[in-house]
Amino acid sequence: MKREVRSMLSDSRLVVSSVMSANNAVRFFFAQLFFGIFGFWFIPMPI
(Lines give C-alpha, C1' and ligand atoms only; values in the text may rest on other atoms or scores of the structure.)
Protein backbone atom coordinates (compact mmCIF):
# COMPACT_ATOMS: atom_id res chain seq x y z
CA MET A 1 0.00 0.00 0.00
CA LYS A 2 2.62 2.56 1.08
CA ARG A 3 4.76 1.85 -1.98
CA GLU A 4 1.80 2.38 -4.31
CA VAL A 5 0.86 5.66 -2.66
CA ARG A 6 4.47 6.81 -2.81
CA SER A 7 4.75 6.04 -6.52
CA MET A 8 1.47 7.84 -7.18
CA LEU A 9 2.72 10.89 -5.29
CA SER A 10 6.03 10.95 -7.16
CA ASP A 11 4.19 10.56 -10.49
CA SER A 12 1.84 13.45 -9.70
CA ARG A 13 4.81 15.58 -8.64
CA LEU A 14 6.58 14.76 -11.91
CA VAL A 15 3.46 15.69 -13.89
CA VAL A 16 3.07 18.96 -11.98
CA SER A 17 6.72 19.92 -12.52
CA SER A 18 6.52 19.10 -16.24
CA VAL A 19 3.31 21.13 -16.57
CA MET A 20 4.92 24.04 -14.75
CA SER A 21 7.97 23.97 -17.03
CA ALA A 22 5.71 23.74 -20.09
CA ASN A 23 3.67 26.69 -18.79
CA ASN A 24 6.85 28.72 -18.30
CA ALA A 25 7.99 27.84 -21.82
CA VAL A 26 4.63 28.94 -23.26
CA ARG A 27 4.75 32.19 -21.29
CA PHE A 28 8.29 32.86 -22.49
CA PHE A 29 7.26 32.12 -26.09
CA PHE A 30 4.32 34.51 -25.97
CA ALA A 31 6.45 37.19 -24.30
CA GLN A 32 9.03 36.86 -27.07
CA LEU A 33 6.28 36.98 -29.69
CA PHE A 34 4.69 40.04 -28.06
CA PHE A 35 7.95 41.96 -27.84
CA GLY A 36 8.91 40.88 -31.35
CA ILE A 37 5.66 42.29 -32.79
CA PHE A 38 5.07 45.35 -30.58
CA GLY A 39 8.68 46.19 -29.78
CA PHE A 40 9.18 47.67 -33.23
CA TRP A 41 6.17 49.96 -32.79
CA PHE A 42 7.32 51.35 -29.43
CA ILE A 43 10.93 51.93 -30.52
CA PRO A 44 11.23 55.46 -31.96
CA MET A 45 12.14 55.11 -35.63
CA PRO A 46 15.37 56.84 -36.68
CA ILE A 47 14.83 59.02 -39.71
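Quick summary incoming for the structure in this document.

Criteria and cut-off values
- Residues numbered from 1 in each chain as written.
- Predicted model: local features only at pLDDT ≥ 70, side-chain atom pairs only at ≥ 80, totals over all residues.
- Heavy atoms only, no water.
- Helix = DSSP H or I, 4+ residues; strand = E, 2+ residues; numbered from the N terminus.
- Areas by Shrake-Rupley, 256 points an atom, 1.4 Å probe, with all protein chains shown as cover.
- Phe/Tyr/Trp six-rings, centres within 6.5 Å; stacked < 30°, edge-to-face > 60°.
- Buried < 20%, exposed > 50% of the residue type's maximum accessible area, 1.4 Å probe, protein only.
- Patch = residues over 30% accessible without salt bridge, like charges linked within 9 Å, V, L, I, M, F, W, Y side chains within 5 Å.
- Salt bridge = Lys/Arg side-chain N within 4 Å of Asp/Glu carboxyl O.

### Regarding the overall build of the chain
- Secondary structure summary: the chain contains 1 helix and 0 strands in total.
- A total of about 4900 Å² of accessible surface is found on the chain, and carbon and sulfur atoms cover 74% of it.

### Structural notes on the packing of aromatic side chains
- Applying the stated criterion across every chain, the model contains 2 aromatic pairs.
- Ring centres of F29 and F30 lie 5.7 Å apart, and the angle between their planes is 65°; on these two criteria the pair is classed as edge-to-face.
- Centre to centre, the rings of F34 and F35 are 5.7 Å apart; their planes meet at 75°, and the pair counts as edge-to-face.
- We classify F34 as partly exposed; its relative accessible area is 43%.
- F35 gets classed as exposed once you look at its relative accessible area, which sits at 57%.

### Examining a nonpolar patch on the surface
- Side chains of V26, F29, F30, L33, I37, F40, W41 and F42 sit close together on the surface and give an oily, nonpolar patch of about 960 Å² of accessible area.
- Looking at the secondary structure, you find F30 in helix α1 (residues 2-42).

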